[in-house]
Amino acid sequence: MDAEIQGFCDALETLDRARADAIFDEAISKAALEGRSPIDVVTALIMPALSEIGRGWHEGALALSQVYMSGRICEQLVEQVLPPSDPDRKRQPRSAIVVLHDHHMLGKRIVYAMMRASGFELFDYGRMELPELVERVIADRLRVLMVSALMLPSALKVRALRDALDARGYPLKIIVGGAPFLMDNALWREVGADAMGRDAAEAVTIITGWMEAAR
Ligand code: B12
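Residues numbered from 1 in each chain as written. Predicted model: local features only at pLDDT ≥ 70, side-chain atom pairs only at ≥ 80, totals over all residues. Heavy atoms only, no water.

## Quick look at the overall build of the chain
This is how it is decided: The way it works is that DSSP assigns letters per residue, a run of H or I at least four long becomes a helix, a run of E at least two long becomes a strand, and they are numbered from the N terminus. Atoms counted for the radius of gyration: C-alpha only. Globule rule: 2.2 Å times residue count to the power 0.38. For the exposure calls, accessible area comes from a 1.4 Å probe over protein chains only, and a residue counts as buried if that area is under 20% of its type's maximum, exposed if over 50%, partly exposed in between. The contact criterion used is simple: two residues touch if any of their non-hydrogen atoms lie within 4.5 Å. Here the Shrake-Rupley method, with its probe set to 1.4 Å, supplies the accessible areas, and only the displayed protein chains count as covering residues. Only four residue types enter the charge count, namely Lys and Arg as positive and Asp and Glu as negative; His and the chain termini do not. The atom standing in for a charge is NZ when the residue is Lys, CZ when it is Arg, CG when it is Asp and CD when it is Glu.
Counting secondary structure elements, the chain contains 10 helices and 5 strands. Its C-alpha radius of gyration of 18 Å places the chain within 12% of the 17 Å reference for a compact globule of 215 residues. Along the longest, intermediate and shortest principal axes, the C-alpha atoms of the chain span 50 × 40 × 25 Å. Counting every position in the chain, which comprises 215 residues, the buried fraction comes to 44%. If you take every contact in the chain between residues at least 6 apart in sequence, the share linking residues at least 24 apart comes to 70%. For the chain, the computed accessible surface area is about 11000 Å², with 56% contributed by carbon and sulfur atoms. Measuring between centres, the 25 positive side-chain charges of the chain sit 8 Å from its 31 negative side-chain charges.

Put into C-alpha cells, the structure is as follows:
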C-alpha cells in the first residue's frame, strides 16, 4: 500500500486526529500545486484508507468502534473541503440522490456535493426506505435517481425499487454506486439499474452523457 495511505490509516486507527489532519492537509496542498481538486484527494486517499480499515474490521484485526471513528473523522475532513455550489446551474433532468436503507452516508454526501459543484441542481432525499421512496419519486416527477448503497441488502433493494416503479408504469433512470457495486461488476445490471458510477466524478459524466444523448 502507498506510504501516504498507510500513514493515514495508522492515524485513523489510533484516533490520532492531529496526524490525520496533517496528512490530509498536506495531500490537499500537494494536489493544489498539481492542479488536482480536493475531491481527487478524497478519492485517492480517504476512499482507499476507509476501504482498508473496513477490510481490517472484516478480518477481525480492527474493532467496529475504530471503523466508526475513522468514518466520523473522514466525514469532518471531507466537510472542510467540499466545493461550493456553482450558481450557474445547468438545464437538466429532475434528479435526486438517496441512501437506500443503510446508514453509510459519506459517499452520498460526496456525490451530492460534486454534482452541485458541477452545476447540477438535485434533491437530497437523505436516507429512505423503499415504499416512501417510490411515492416521493413519483410525487417529485423525477427523471433520474442516484442511489448510494453500501451494504449488499441495500443494493438488492434497488431491484424491488425498479419492480415497484415498473408496476406503476413510471419510467426512471437509476444510477447506483457504493461498495457492493464496486465488489461485483455485474450487480448493477442484475438489480435493474441503468448505470453504475465508481466515484463522484463518474456520476457527473453519466448524467452529462445522458443529457447529450437526449439532445
Ligand atoms: C465507514 C464505514 C462505516 C461507518 C459509516 C459512517 C457513516 N456515517 O457513513 C459505520 C461504522 C457506522 C458503519 C457501520 C456498518 N457497516 Co460499514 N463500512 C464503512 C466503510 C469502512 C467505509 C464506507 C465509506 O464511508 N467509504 C468512503 C466513501 C467516500 O466511499 P463510498 O461510500 O464507497 O462512496 C464513493 C463511491 O462508492 C461512489 N458512490 C457511492 N455512492 C454512490 C452513488 C452513486 C449514484 C454514484 C454514481 C457513486 C457513488 O462515490 C463515492 C465518492 O467517490 C465500508 C468499507 C467499504 N469498502 O466501503 C464499510 C462497509 C460498507 N460496512 C459494512 C458493514 C457490514 C457495516 C455494518 C453492518 C457493521 C455492523 N456489523 O454493525 C454497519 C451497518 C450500518 C448500517 N445499517 O448501515 C460492509 C458492507 C458489506 C456488505 N457487502 O453488505 C462494508 C463494505 C465493510 C466490509 N468490507 O465488510 N460502517
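So, next bit.
## Regarding the packing of aromatic side chains
Defined as follows: Pairing of aromatic side chains requires ring centres within 6.5 Å, counting the rings of Phe and Tyr and the six-membered ring of Trp. Pairs whose planes differ by under 30 degrees are stacked, by over 60 edge-to-face, and all others tilted. When the NZ atom of lysine or the CZ atom of arginine is within 6 Å of a ring's centre and also within 35 degrees of its normal, the charge is said to sit over that ring.
Counted by the stated rule, this structure contains 1 aromatic pair. For the cation-ring pair, Arg 136 lies above Phe 123, with the distance from its terminal atom to the ring centre recorded as 5.9 Å. In this structure, Lys 173 is placed above the aromatic ring of Trp 210, and the distance from its NZ or CZ to the ring centre is 4.9 Å.

## Considerations on the confidence of the model for the chain
Quick note on the threshold: The predictor rates its confidence in each residue with pLDDT, a number between 0 and 100.
Per-residue pLDDT for the chain averages 89, and the proportion of residues at 70 or more is 95%. By mean pLDDT, helix 5 (residues 106–117) is the weakest element of the chain at 82, and helix 9 (residues 187–190) is the strongest at 98.

## Points about the site of the ligand
Put simply, the rule reads: Here a residue counts as near a molecule or strand whenever at least one of its heavy atoms sits within 4 Å of it. Pairing of N or O atoms within 3.5 Å defines a polar contact, subject to two protein rules: one partner must be a possible hydrogen donor and the other a possible acceptor, and residues neighboring in sequence count only if both atoms are side-chain atoms. A pocket here means an open set of points on a 1 Å grid, computed over the protein atoms alone, that has protein on both sides within 12 Å along at least five of seven lines. A cavity is instead a set of points where a 1.4 Å probe fits but cannot get out; residues with an atom within 4 Å of a point line either one. By definition, a pocket or cavity contains a molecule when more than half of the molecule's atoms lie within 2 Å of the pocket's grid points.
Taken together, 37 residues surround the ligand, and among them Glu 75, His 103, His 104, Ser 148 and Leu 152 come closest. Contact between the ligand and His 58: an oxygen atom at 3.1 Å from a side-chain N or O atom of the residue. In this structure the site holding the ligand corresponds to the largest pocket. Of all the secondary structure elements, the ones that give two or more residues to the shell around the ligand are helix 3 (38–58), helix 4 (64–81), helix 5, strand 3 (144–148), helix 7 (152–167), strand 4 (173–177), helix 8 (179–183) and helix 10 (200–214). In terms of residue count, helix 3 provides more of the shell around the ligand than any other element does, 6 residues in total.

## Looking at unusual backbone geometry
At Leu 15, a position not held by glycine, the phi torsion is positive, near 55°. Checked against the element boundaries, Leu 15 lands in the loop between helix 1 (3–13) and helix 2 (17–33). One non-glycine residue, His 101, adopts positive backbone phi at about 75°. You can call His 101 partly exposed: its relative accessible area is 25%.

## Here's the deal with helix 6 (residues 130–139)
Rule in force here: Arc definition: directions from the helix axis to the C-beta atoms.
Taken together, the buried positions of helix 6 are Leu 130, Leu 133, Val 134 and Val 137. Angular distribution of buried residues about the axis of helix 6 spans 100°; they occupy a single face of the element. Opposite its buried face, helix 6 presents the exposed residues Pro 131 and Ala 139, each directed more than 90 degrees away. After helix 6 finishes, the residue Arg 141 shows a positive phi value of roughly 50°.

## Quick notes on the domain arrangement of the chain
Test applied: Boundaries between domains were set according to an automatic or database domain assignment. Buried area counts how much accessible surface, traced with a 1.4 Å probe, disappears from two parts once they are put together, with both parts' losses summed. Just to be clear on terms, a salt bridge is a Lys or Arg side-chain nitrogen sitting within 4 Å of an Asp or Glu carboxyl oxygen.
Partitioning the chain into structural domains gives domain 1 (3–81) and domain 2 (95–214). Placing a centre on the C-alpha atoms of domain 1 and another on those of domain 2 gives a separation of 25 Å. Tallying the contact residues gives 10 residues for domain 1 and 6 residues for domain 2. When domain 1 packs against domain 2, close to 670 Å² is buried across both sides, 76% of that on carbon and sulfur atoms. Taken together, the links from domain 1 to domain 2 amount to 0 salt bridges. Counting the contacts that link domain 1 with domain 2 gives 0 residue pairs in polar contact (both at pLDDT 80 or more).

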